[in-house]
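# Topology and contacts: notes
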Amino acid sequence: MIWKQEVECAGRKELADLQGKQLADLAGYIYNNCEVYRKKFDDAKIKPGDIRTIADIKKLPFTTKEDMRDNYPYGLFSAKQTDVREIHVSSGTTGNPTLVGYTRDDIALWSDVMARCFCCAGAEPGDTIQIAYGYGLFTGGLGAHYGALEMGLRIIPTSSGQTARQLKIMQDFRPRIIACTPSYVLYMAEEAKEMGIDTRNGNWKIGVFGAEPWSESMRAEIEDVWNMLATDIYGLSEIIGPGVAQECTYKEGLHIFSDVFYPEIINPETGEEMPEGQDGELVITTLTKRAIPLIRYRTRDIVCINYEKCRCGRTSPRISKIKGRTDDMIVVRGINVFPSQIEHVLLGIEKTHPHYQIVVDRKAHKLDEVEVLVEVDQKMFSDEIKQLEELRGKIKKEIESVLNIGVRVTLVEPKTIERSMGKAKRVVDKRSI
Ligand SMILES: [Zn+2]
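Quick look at the structure, then. (Residues numbered from 1 in each chain as written. Predicted model: local features only at pLDDT ≥ 70, side-chain atom pairs only at ≥ 80, totals over all residues. Heavy atoms only, no water.)

## Here's the deal with the overall build of the chain
Cut-off, in case you're wondering: Labels follow the DSSP assignment, with helices taken as runs of H or I lasting at least four residues and strands as runs of E lasting at least two, numbered in each case from the N terminus. We take the radius of gyration over the C-alpha atoms and set the globule estimate at 2.2 Å times the residue count to the 0.38 power. Three labels apply to residues, based on accessible area from a 1.4 Å probe with only protein chains included: buried if under 20% of the type maximum, exposed if over 50%, partly exposed otherwise in between. In this description, contact between two residues means that some pair of their heavy atoms is separated by no more than 4.5 Å. Under the counting rule used here, the positive set is Lys and Arg, the negative set is Asp and Glu, and His together with the chain ends is not counted. Charge coordinates come from a single atom per side chain, which is NZ of Lys, CZ of Arg, CG of Asp or CD of Glu.
A tally of helices and strands in the chain yields 11 helices and 23 strands. The C-alpha radius of gyration computed for the chain amounts to 23 Å, which stays within 12% of the reference 22 Å derived for 433 residues, consistent with globular compactness. Dimensions of the chain, computed from C-alpha atoms along their principal axes, come out at roughly 70 × 60 × 45 Å. Split into buried and exposed, the 433 residues of the chain put 56% on the buried side. For the chain, the share of sequence-separated contacts (at least 6 apart) that also reach a separation of at least 24 residues comes to 65%. Looking at the chain, you have 59 positive and 64 negative side-chain charges, and the mean spots of the two groups are 1 Å apart.

## Section: the coordination of the zinc ion
Put simply, the test is: Excluding water, the donors of a metal are its N, O and S neighbours within 2.8 Å, or within 3.2 Å for Na, K and Ca, and that exclusion means sites may look incomplete. Think of it this way: with four donors and all angles in the 85 to 135 degree range, the site is tetrahedral; with four or six donors, opposite ones beyond 155 degrees and the rest between 65 and 115, it is square planar or octahedral; otherwise it is irregular.
Coordination of the zinc ion by the protein involves Cys248 (SG), His255 (NE2), Cys310 (SG) and Cys312 (SG), with metal-donor separations of 2.1 to 2.3 Å. The site at the zinc ion holds four donor atoms, and with the angles between them running 103 to 116°, its shape is tetrahedral.

## Examining the packing of aromatic side chains
We apply this condition: Under the pairing criterion, centres of Phe, Tyr and Trp rings, with the six-membered ring standing for Trp, must be within 6.5 Å; the plane angle then separates stacked pairs below 30 degrees from edge-to-face pairs above 60, leaving the rest tilted.
Scanning the model with the defined rule gives seven aromatic pairs in all. Considering the side-chain rings of Tyr31 and Phe41, the 5.7 Å spacing of their centres and the 50° angle between planes classify their relative orientation as tilted. Of this pair, Tyr31 sits in helix α2 (residues 12-33) while Phe41 sits in helix α3 (residues 35-43), and the two are 10 residues apart along the sequence. This pair shows no difference in class: Tyr31 is buried, exactly as Phe41 is. With a centroid separation of 4.6 Å and 5° between ring planes, the pair formed by Tyr102 and Trp110 is classed as stacked.

## Some details on helix α5 (residues 104-120)
Counted only if it meets this: How far a helix is expected to stretch is found by multiplying one less than its residue total by 1.5 Å. Pairs of N or O atoms are called polar contacts if they sit within 3.5 Å, as long as, within protein, a hydrogen donor faces a hydrogen acceptor (for residues adjacent in sequence, only side-chain-to-side-chain pairs).
Compared with an ideal rise of 1.5 Å per residue, which puts 17 residues at 24 Å, α5 spans 24 Å between its outermost C-alpha atoms and is within 8% of the ideal. Buried residues dominate α5, accounting for 14 of its 17 residues. Its side-chain oxygen placed 3.3 Å from the backbone nitrogen of Asp105, Thr103 serves as the N-cap of α5.

## A word on the environment of Arg426
The residue Arg426 is located in the loop between β22 (423-424) and β23 (427-429) in this model. Given the relative accessible area of 17%, Arg426 is considered buried. For the pair Arg426 and Asp328, spaced 98 residues apart in the sequence, the C-alpha separation amounts to 8.4 Å. Within the structure, Arg426 has its side chain in polar contact with the side chain of Tyr356 (distance 3.3 Å).

## Things to note about the sheet that holds strand β3 (residues 128-131)
Two strands in a sheet stick together by hydrogen bonds in their backbones, pointing the same way (parallel) or opposite ways (antiparallel). Short version of the rule: What makes two strands pair is DSSP finding at least two bridges between them. All axes are obtained by fitting lines to C-alpha atoms, using only the stretch in contact for helices, and the reported angles, taken between N-to-C directions, cover 0 to 180 degrees.
Sheet architecture is open: nine strands sit in the order β4-β3-β5-β6-β7-β8-β9-β14-β13, paired in mixed fashion. The open sheet terminates on both sides in strands that have one partner only, identified here as β4 (154-156) and β13 (305-306). By the bridge criterion, four bridges tie strand β5 (residues 177-180) to strand β6 (residues 206-209) in an arrangement that is parallel. Residue pairing in the sheet places Ile178 in a bridge with Gly207 of β6. Strands β3, β6, β7 (229-236), β8 (241-247) and β9 (254-256) of the sheet are contacted by α5, whose axis makes an angle of about 30° with β8.

## Regarding the packing of helix α8 (residues 182-194) against helix α9 (residues 216-226)
Definition in use: In this scheme the handedness of a crossing depends on how the near helix is turned from the far one: anticlockwise by less than a right angle means left-handed, clockwise means right-handed. Gly falls in the polar group here, along with every residue not listed as nonpolar (Ala, Val, Leu, Ile, Met, Phe, Trp, Tyr, Cys, Pro) or charged (Asp, Glu, Lys, Arg).
Two elements in contact, α8 and α9, have axes separated by 10 Å at closest approach and are oriented at 35°. Considering the relative orientation of α8 and α9, their crossing is left-handed. Contacts between α8 and α9 involve Pro182, Ser183, Val185, Leu186, Met188, Ala189, Ala192 and Lys193 from the first element and Met218, Glu221, Ile222, Val225 and Trp226 from the second. Here the contact of α8 with α9 is built from residues that sort into 10 nonpolar, one polar and two charged.

## Some thoughts on the sheet that holds strand β11 (residues 280-286)
Strand order in this open sheet of four strands is β10-β11-β12-β15, and the pairing throughout is antiparallel. Every other strand in the sheet has two partners, leaving β10 (261-266) and β15 (324-325) as the edge strands with one partner each. Where β11 meets strand β12 (residues 297-303), four bridges bridge the pair, whose relative direction is antiparallel. Following the sheet pairing, Gly280 is matched in β12 by Val303.

## With respect to the side chain of Lys321
Note that Lys321 resides in the loop between β14 (318-319) and β15. Within polar-contact distance, the side chain of Lys321 engages the side chain of Asp232 at 3.0 Å.

## With respect to the nonpolar core
Taken as a class, soluble globular proteins show a tendency for nonpolar side chains to be buried jointly. Quick note on the threshold: Residues grouped as a nonpolar core are buried Ala, Val, Leu, Ile, Met, Phe, Trp, Tyr and Cys residues, joined through side-chain atoms within 4.5 Å.
Ranked by size, the top nonpolar core spans 72 residues in total, and within it Phe41, Phe118, Ile129, Phe261 and Ile319 carry the most contacts. For this core, the leading source of residues is α5, giving nine residues. Excluding residues within four positions of it along the chain, Phe118 makes contact with Ala123, Ile129, Ala144, Gly147, Ala148, Met151, Leu153 and Val208. Residues Ile358, Leu388, Leu391 and Ile399 belong to the second largest nonpolar core, which totals 25 residues.

This is the structure in structure tokens:
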């Protein structure tokens, strides 16, 4: 089933006409309603009237994560706050979180693109879905919820955690679809085995997995252990949350809903467009969003794009799985972690050095674990153990309050952490992704 056939299967020319018209409307809307963008346009000597076709998008300036941070909380909004119906936050690079908001129409858009995702994955109206993404400020739970509601699924909103209960719900209510992070579904398989559940005869037949990068080998493992189809969903809260792109049952790239999220692939160094099919940074313009529309947002995700018609019948272009990042952000259990956040914390704590290392590991199907190694004054090691423990506890508490995930903190002596070119290596990612 294809949820919005008229756009998902549109010809390239037809789609370009629609995108061009929407971009022209967006340029006028954003120029008239958002001071920050008006200044950006003026600085680039662009008037909304200069934007007539989708090709004109190249005249427009980029938007970055730093723009979001610098204009926190409401600077990048185009809608009045009284028209905003929901807000979500995700972690920012330092200090302030990234705030996003939705008008009523934006929620309708979110519901629509998420419904397209579930159809892509093979869901049918009347199916039951277990949504085990976290509900709350994280966009995963509610985004999936709105889409499931829109397409007529029966929803079991378990949110994340409480694994034994998740498994009981799977057995008792027989949901055909599970939506959660790929590492969590593997973790649940381990728990299920311990409880004596035969996972290959479980009820989940379709998985919609995202919010963290994962590999083809992980997919093979999930499909094998649960005897299900495992599909990849992509999204980011700045653009809308989950629902930006989704694999169809052929699993040959993620269909990006380009009638509303216009994709460009650029060379991250020069900002120039990459030749079709080559790897580059994904840049997205939200053509129809109202509360906080973004023009040419630099996602920092490295992908390639394929414009060929898919075997499923959709013409929406397909992006590859994420091949890397242009910054050093890591995603752990659906949460964005920036090394700079930890640096920021350490700068505020005496007796520590801004030399640290984040080690991420995923041991034998357990959830991702984060260890932070922190260099502290040599003197601390000759003091009483109690003082060392107090300092460790303080660092752990402050890092956890900023990152919103549990971490293990290990204090080490100065110059213990490996340096390269004089700089400490900030991130060691041991997960096989
Ligand atoms: Zn397809």
